[in-house]
Amino acid sequence: MAAIEFSELRKVYPGGSVAVENLDLEIADGEFLVLVGPSGSGKTTVLRLAAGLERPSSGSVLIGGEVVNDIPPTDRNIAMVFQSYALYPHMSVYDNMAFGLKLHRVRKSEIASRVQAAAKMLGLDDLLKRKPSQLSGGQRQRVAMGRAIVREPDAFLMDEPLSNLDAKLRVEMRAYLATLHHRLRTTTLYVTHDQTEAMTMGERVAVMRDGRLQQVDRPQVLYERPANLFVAGFIGSPAMNLIHTRLVAADGALAVELGGKTLRLPRNLLEQRRKLGDYADAEVILGVRPEDIEDAALAPSANGSTLEVRVLLAEAMGAEVIAHFPLGERSAAGAESLAAAQDVEAPTLEGAGGETVLTARLNPRTGAQSGQSLRVAVDLERLHFFDPDTEEAVW
C-alpha cells in the first residue's frame, strides 16, 4: 500500500480549458478518500492524473512518496475500477479476474490462488465459470472489483463504479465496498457526483468545484461546518435552505430576521461564531438545514423560535414528511442566483408573489398537510451564516 499525494497539481487542456487548478491533496496510506463534486468539477481528471491516463500541465503526482508524472500507467501498481465494469464478454468470470495477472506472467498456481481467494471474499465462488452476460449488475461490479483485488495493488482508483446500478443495489454495494475496505485497508481514491455515496463511504471527503478543492474533511465535519456556500448547498439531502437576510443588534445581543419575525440568537451560537458580531445590522446569507425545522407541536421547548407558515406541499415519505412552505418574504438574492452560486438546481416550488420557499424534514407524526397552516420551530443553535460577498462561512 502507499499514500497518494497531489502537489500544486494543474491540468489545462488544449484551448485553455482549466480542469484542475492548484490542487494540494494527500490520501494517506490505507485511507478511503472520496472525491465529490458536480459534473465538470475536475474530479475525474484528478483520477486520470493519478492513474497516468493524463499528464499534468504542472505540479506533481506522488505515489508512495515517489513522483510518478513520467511513469506509465502499467508501472504504477494501481488498479482501476470503472463505471462500465469493462469486462471481456467472451471470457468467464475466472478469466476476467485472472487476465491482468496473465499479462504480468504470474505463475498459474499463483493466479489460481489469488483468484480463488478474491472470489471467496466477494461471494463469487459459484460464478467463476459464467460469462458476464449471465450476471446481474451487482455481480459484474464484484467481478470488476475482484480483477482489481487479485493484482494486490498499492492503491485502488474507482471512477463512479456504482452509477450504473439501481437504487437498492447501490445501497447494498456501498455497504459492501466499505466493509471490503476495512478488510483490505488498501489506499483508495473514489470519485462520485453523489454526495450520499461520499458521506456514507468516505473516511474523508474532498469537495471540488470548477477544478478547485473547496474543502476536505470527515463527512460529519463537512455537514456541521461547511467552509463556504457551495459546500453548504452541496452536502446534505434535502439541500440546506439558504436565505438572504439581515442580522440586527437587539438589547446587547444579535437577532436574525426570518419569516417576518426577529429571532434572537442563543448565546451558545454566538460563542461558537464570534465573527457574527461584525455583521450586526448587515446582510448575511442564512443557512437552515431541513432537519433543523420541526413541527412546533412536537418541539414544545422551542420558545421564541417559531414561525407561522402555510404548507405549499407535504410529501409523506413514511419515516419522515418533507414539507415545503413560503417564507412570507422575498429573498433579496433570489433562489435562482443563490443556486447558481452553488451550482445546484434552483427550487422548483415558488410561493405566491415569488417568496422564498423553505424545505423542512418533519417527524412523521406531524399534522402538516398541503394547503394548511402550520407552526414550525427552528433550531436556532444550528443555524449557519455566510458572507454574501465572499460566500465564506462566518465563524
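Look up: the structure comes first, before these words.
Summarised in this report is the structure supplied together with it.

Attention now goes to helix α2 (residues 93–103). Buried within α2 we find V93, N96, M97, A98, G100 and L101. Tucked into the core, α2 has its buried residues touching α3 (108–122) and α4 (137–149). Two residues or fewer after α2 comes R105, characterised by a positive phi angle close to 55°.

Take unusual backbone geometry next. Cis geometry marks the peptide bond from S237 to P238; its omega dihedral reads -5°. Mapped onto the elements of the fold, P238 is located in the loop between α8 (229–234) and β11 (241–250). Here the phi dihedral of E391 falls at roughly 70°; this positive angle occurs in a residue that is not glycine. Structurally, E391 can be placed in the segment after β21 (384–386). On the accessibility criterion, E391 (23% relative accessible area) is partly exposed.

Turning to the packing of α2 against α4, a few remarks are in order. Contact geometry for α2 and α4: axes closest at 7 Å, N-to-C directions at 35°. The hand of the α2/α4 crossing is right-handed. Of the residues in α4, those in contact with V93, N96 and M97 of α2 are V143, G146 and R147. Across the contact of α2 with α4, the residue classes break down as 3 nonpolar, 2 polar and 1 charged.

Reading the values: the criteria
- Residues numbered from 1 in each chain as written.
- Predicted model: local features only at pLDDT ≥ 70, side-chain atom pairs only at ≥ 80, totals over all residues.
- Heavy atoms only, no water.
- Buried < 20%, exposed > 50% of the residue type's maximum accessible area, 1.4 Å probe, protein only.
- Helix = DSSP H or I, 4+ residues; strand = E, 2+ residues; numbered from the N terminus.
- Contact = heavy atoms within 4.5 Å.
- Axes fitted to C-alpha atoms, helices over the stretch in contact; angles between N-to-C directions.
- Left-handed = near helix turned anticlockwise from the far one by under 90°.
- Nonpolar A, V, L, I, M, F, W, Y, C, P; charged D, E, K, R; others polar.

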